[in-house]
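So the chains spell out like this:
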Number of protein chains: 2
Amino acid sequence: MRRLKVTLEYDGTHFAGFQKQSGTDLRTVQGVLEESLVRLTGKETPITGAGRTDSGVHALGQVVHFETGSSIPVERFCRALNGKLPPDIKALDAVEVDASFHARRSASGKKYRYLVFNSRKPLALWRNYCYRFPFPLEMARVKECAAVLTGEHDFRAFSVAGSSVKSTVRHLYSVDAEQQGDWVRFSVIGNGFLYKMMRLIVGTLLETGCGKLSPGQVKQILEKGERGRGGFTAPPQGLYLVQVYYQDGFILDRDISIP
Amino acid sequence: MRRLKVTLEYDGTHFAGFQKQSGTDLRTVQGVLEESLVRLTGKETPITGAGRTDSGVHALGQVVHFETGSSIPVERFCRALNGKLPPDIKALDAVEVDASFHARRSASGKKYRYLVFNSRKPLALWRNYCYRFPFPLEMARVKECAAVLTGEHDFRAFSVAGSSVKSTVRHLYSVDAEQQGDWVRFSVIGNGFLYKMMRLIVGTLLETGCGKLSPGQVKQILEKGERGRGGFTAPPQGLYLVQVYYQDGFILDRDISIP
């Protein structure tokens, strides 16, 4: 048996999220990948992901690990696996790692992007790949709010109840927002993200940008750790898991840019 | 009755092309739009498009015209129509035009873009919005071929048999190719395009770029007008009808850029 680390790209549109939902026939990333691994290797192959993505969320660089007894050389593994995977999920990289590697626990950080179409105009073509936010944004306010969120904080207010994590302290290394025409792209790099944290951050940046919240209020919400006081949960289809960072990790050249 | 000119954006992925296919239940742009107009106005409203797009081809600025007795003010027409249209097709603009305006005959030109992922790497996320061409392209050759095609020529060799047009002479004002990382974007502006001409041009640019054809051969193929001698027909999902030009036309701010 050896342990493989595989980097995946997927279009989240037709997946009911990453995590397998036992007792349902929902199409999930984990479910589809595990089925493809059975078809490739002939053996049940449970996988572990770097993190869950919700239904509709896309990934340019999700990472998983699993154990396999397959004799397929690692340099041919991606191609062989891609032959079994459906068109909306593909393996970009596969490397053998030692038994201490863990897709989630070994990760030192993650990078997410979020794409917003900031316009009252209708949108047909990118509807599953961005979020249309019709209220004008004042980018200086967005950037002030981003500065408030950057750094090490208790992000309890930016998480949803019911998740079982021990600590809600996370360190955001950078929170950026770029505007180009009708498009705004948010980029956040952090050492970890609580459940729905990225979407709550984007909702808060948007509500600050359009004047519903002030950067000072966001600072208070963060300090008080009160859930439900920040911005709304931005919808999933604008969100992309771009990269999971590891020591000596594979550097992705995939990215999502402003259309 | 008055005549309206409406500019449309659509995601071609789930349309069996623009043109209504009588006697079938294929979902077409024309069919969906006409149904929505019936639901909006209560009257059968046949539409005329600036041109047909094939199944899978996208549009950022398709133009149609139709006659309507509807009393909806023109400035509210888009919004009202968008309320009836499904998510993958939206009206961007509606203006009243005089009875001499014709979406196809009044057009002075069109702009198409074609997006290529030029890599052997797999691709999940943009699979319906670009074409993956795995052979390395020499951009200098692509540009030489583009120069051969630019200008007024008989494009008979770049059309498919069976179409009933009188003349196969067209004027291409510009044929451009830009490369950025693994992506290549072709842009062609011309006074008109024969059926499948844009996709045959892209196939020819790609085959020239990867060395299967030479710019000199392309010149000969163009001059001799022999069908089937140029490049392959590039698949539909990379193609975008970006703009239809009219005198005093609506200038679109929609575009497709390199991801």
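- Per an unreviewed UniProt entry, chain A goes by the name tRNA pseudouridine synthase A and belongs to Syntrophaceticus schinkii.
- Heading Subunit (unreviewed entry) of the UniProt record for chain A holds this comment: "Homodimer."
- Per UniProt, the comment on chain A under Sequence similarities (unreviewed entry) is "Belongs to the tRNA pseudouridine synthase TruA family."

Focus on the relation of the copies chain A and chain B
Part 1 of the argument: Superposing chain A onto chain B takes a rotation of 180° combined with a translation of 0.0 Å along the rotation axis, leaving an RMSD of 0.0 Å. The superposition operator between the copies reduces to a two-fold rotation axis. Closest approach to the rotation axis among the C-alpha atoms of chain A is made by A:Pro259, whose C-alpha sits 3.3 Å away.

A word on the pattern of salt bridges
All names here are of chain B.
Part 1 of the argument: Summed over the entire model, instances satisfying the criterion amount to 23 salt bridges over all chains.
Part 2 of the argument: Between glutamate 96 and arginine 2 there is a salt bridge whose closest N-O contact spans 3.8 Å. Residue glutamate 96 is found in strand β4 (residues 89–97), and its partner arginine 2 is found in strand β1 (residues 2–10); the two are separated by 94 residues along the sequence.
Part 3 of the argument: The class of glutamate 96 is partly exposed, set by a relative accessible area of 47%.
Part 4 of the argument: Of the charged contacts, one joins arginine 229 and glutamate 226 as a salt bridge, the two residues approaching to 3.2 Å between their closest N and O atoms.
Part 5 of the argument: Note on arginine 229: relative accessible area 49%, which makes it partly exposed.

Regarding the side chain of B:Thr68
All names here are of chain B.
Part 1 of the argument: Position of threonine 68 relative to the elements: it lies in strand β3 (residues 58–68).
Part 2 of the argument: The exposure class of threonine 68 is buried, given its relative accessible area of 4%.
Part 3 of the argument: At 3.0 Å, the side chain of threonine 68 and the backbone nitrogen of serine 70 are in polar contact.

Rules of the game
- Residues numbered from 1 in each chain as written.
- Chains lettered and ligands numbered in written order.
- Predicted model: local features only at pLDDT ≥ 70, side-chain atom pairs only at ≥ 80, totals over all residues.
- Heavy atoms only, no water.
- UniProt positions renumbered as here; feature names shortened; annotations may be inferred.
- Least-squares fit on C-alpha atoms with pLDDT ≥ 70 in both.
- Salt bridge = Lys/Arg side-chain N within 4 Å of Asp/Glu carboxyl O.
- Helix = DSSP H or I, 4+ residues; strand = E, 2+ residues; numbered from the N terminus.
- Buried < 20%, exposed > 50% of the residue type's maximum accessible area, 1.4 Å probe, protein only.
- Polar contact = N/O pair within 3.5 Å; in protein donor to acceptor, adjacent residues only side chain to side chain.

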